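Reading the structure
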Amino acid sequence: MHLPHLGHSHRKVVPGTAAGTFVIDPETPKPTIQLMAYNPDTYEELEIESLDQIQDYLGRFPVTWVNVNGLSDSESFTTFGNMFNLHPLAMEDVVNVPQRPKVEEFQDQLFIVSQMPTLGHEHLKEQLSLFLGKNYVLTFQERPGDCLDPIRARVRKGGPRLRNAGPDYLTHAILDRILDTYFPYLDEYGEQLSALEERLFRNPTKADLHRLHQLKRSLEPLRYILLSYRDVFISLSRDETPFVTETIHFYLRDCYDHTLQLIDLLANYRETCSSLMDLYLSSVSNKMNEVMKVLTITATIFIPLTFIAGIYGMNFDPGASRFNMPELGWYWGYPFALTLMVIVALVMIFFFRSRGWLGGSVGPDDDDADKEE
């Protein structure tokens, strides 16, 4: 069975390797590291050139957000691990993508794995790994570019709710933004399904069936991602942890509600895919029935005509017996035979139309129904 492609560059360790081992792809571009540090009054933003710079911001700001774009520098990962005391198993999940969305609590931080969709690419999703500590948030992405620019804009503009809160609120904002991105992502599926539905009603083709099958396959892995998100938000909003305050639990419950909405929307689209497949098969079957009806009616009309032509084709000598086709000796014999065929054909066509089998004519039952309306 061919599994749907999720758009990740899969990097897995060799089976039997010790736990906590991760594989770095040396051919990927060197990662870029962005830092945003803020408090209620001010913020600073820069691109990190040396990891030693991070320590200064950790000591001066209540919230420091370090975002790493790219997973190719083993030296940087080792430094990050030592600086923030990151667990080797968590670092392994950061590098060996993809991982399902999940949350794990370690001694010095909370580790969260999420999946970001990419608009316009139904198969392309990117893993974002997040570490939540006492005064920092670390995020690791597979490649540059994400859906988090609105959060960065809120930091720059001095959004009071974000700037006055701790790193747990920033974590909520990141997860909520990723979750919100799934709504337009699913809307793309809805638009494509609507277009397919119209085409299937008008003129279903094998290309439409193939596209419908692709969409249904794409929805399946998305279902597992959203179900995993549901478990993540259940854990974050209910479990007691020193990294998430009680106030943030209410915001996380709102994320949980959004996840349920996405799951319901996805379930509707999956049902729509199944219904459209049934519609395609029904349309093809109806089209075939129409073709068979026309062929059957045509053959039925020509059967008596063939019978008449067969009789007149026997050519028995009328001079040998007065019962042997006297029409063969008539002056109008040939026109008579053709006229008889035309009359028989017209009678049969009229009969078929009166029964509603040909041309969609209205029968007695239909007349009664129209009168009732």
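Conventions used here
- Residues numbered from 1 in each chain as written.
- Predicted model: local features only at pLDDT ≥ 70, side-chain atom pairs only at ≥ 80, totals over all residues.
- Heavy atoms only, no water.
- Buried < 20%, exposed > 50% of the residue type's maximum accessible area, 1.4 Å probe, protein only.
- Helix = DSSP H or I, 4+ residues; strand = E, 2+ residues; numbered from the N terminus.
- Pairing = 2+ DSSP bridges.
- Core = buried A, V, L, I, M, F, W, Y, C linked by side-chain atoms within 4.5 Å.
- Contact = heavy atoms within 4.5 Å.
- Axes fitted to C-alpha atoms, helices over the stretch in contact; angles between N-to-C directions.
- Parallel < 35°, antiparallel > 145°, perpendicular 65-115°, else oblique.
- Left-handed = near helix turned anticlockwise from the far one by under 90°.
- Nonpolar A, V, L, I, M, F, W, Y, C, P; charged D, E, K, R; others polar.
- Phe/Tyr/Trp six-rings, centres within 6.5 Å; stacked < 30°, edge-to-face > 60°.
- Lys NZ or Arg CZ within 6 Å of the ring centre and 35° of its normal.

In this section: the pairing of strand β5 (residues 110–118). Most of β5 is tucked away: eight of the nine residues are buried. Bridge count for strand β4 (residues 102–105) against β5 is four bridges, and the pairing is antiparallel. Each bridged residue has a counterpart across the sheet, and for Glu104 the counterpart in β5 is Phe111. In this structure, the hairpin formed by β4 and β5 is closed by a connection of four residues.

Moving on to the nonpolar core. Residues Leu170, Ile174, Ile178, Tyr182, Leu222 and Phe233 are the most contacted members of the largest nonpolar core, which totals 55 residues. Elements represented by at least two residues in this core include exactly β1 (32–38), β3 (63–69), β5, β6 (121–132), α4 (149–157), α6 (167–202), α7 (206–238) and α8 (246–312). It is α6 that provides the largest number of residues to this core, a total of 14 residues. With residues near it in sequence (within four places) discarded, Phe233 still touches Leu175, Leu179, Leu252, Cys255, Tyr256 and Thr259. The next biggest cluster of nonpolar side chains, apart from the first, holds 28 residues, and it includes Leu35, Phe80, Val95 and Phe131.

This paragraph deals with the packing of α7 against α8. For the pair α7 and α8, interaxial distance at closest approach is 9 Å and the crossing angle is 160 degrees. One element, α7, and the other, α8, form an angle in the roughly antiparallel class. The handedness of the crossing between α7 and α8 comes out as left-handed. A breakdown of the residues in the contact of α7 with α8 according to their chemical character gives 22 nonpolar, five polar and seven charged.

Moving on to the packing of aromatic side chains. Tallying each qualifying case throughout the model produces 15 aromatic pairs. Relative to Phe140, the ring of Phe80 has its centre 5.6 Å away and its plane inclined at 80 degrees; by these criteria the two rings are edge-to-face. Of the two residues, Phe80 sits in helix α2 (residues 74–84) while Phe140 sits in strand β7 (residues 136–141), which places them 60 residues apart along the sequence. Exposure class is identical for Phe80 and Phe140. Each is buried. Residues Tyr182 and Tyr185 carry aromatic rings whose centres are separated by 6.1 Å and whose planes lie at 85 degrees to one another, so their mutual orientation is edge-to-face. With Tyr182 and Tyr185 both in helix α6 and three residues apart, this pair spans about one turn of that helix. Put simply, the rings of Phe77, Phe80, Phe84, Phe111, Phe131, Tyr136 and Phe140 touch in pairs and so form one group of aromatic residues. Arg253 extends its terminal NZ or CZ atom over the ring of Phe250, reaching a point 5.0 Å from the ring centre.

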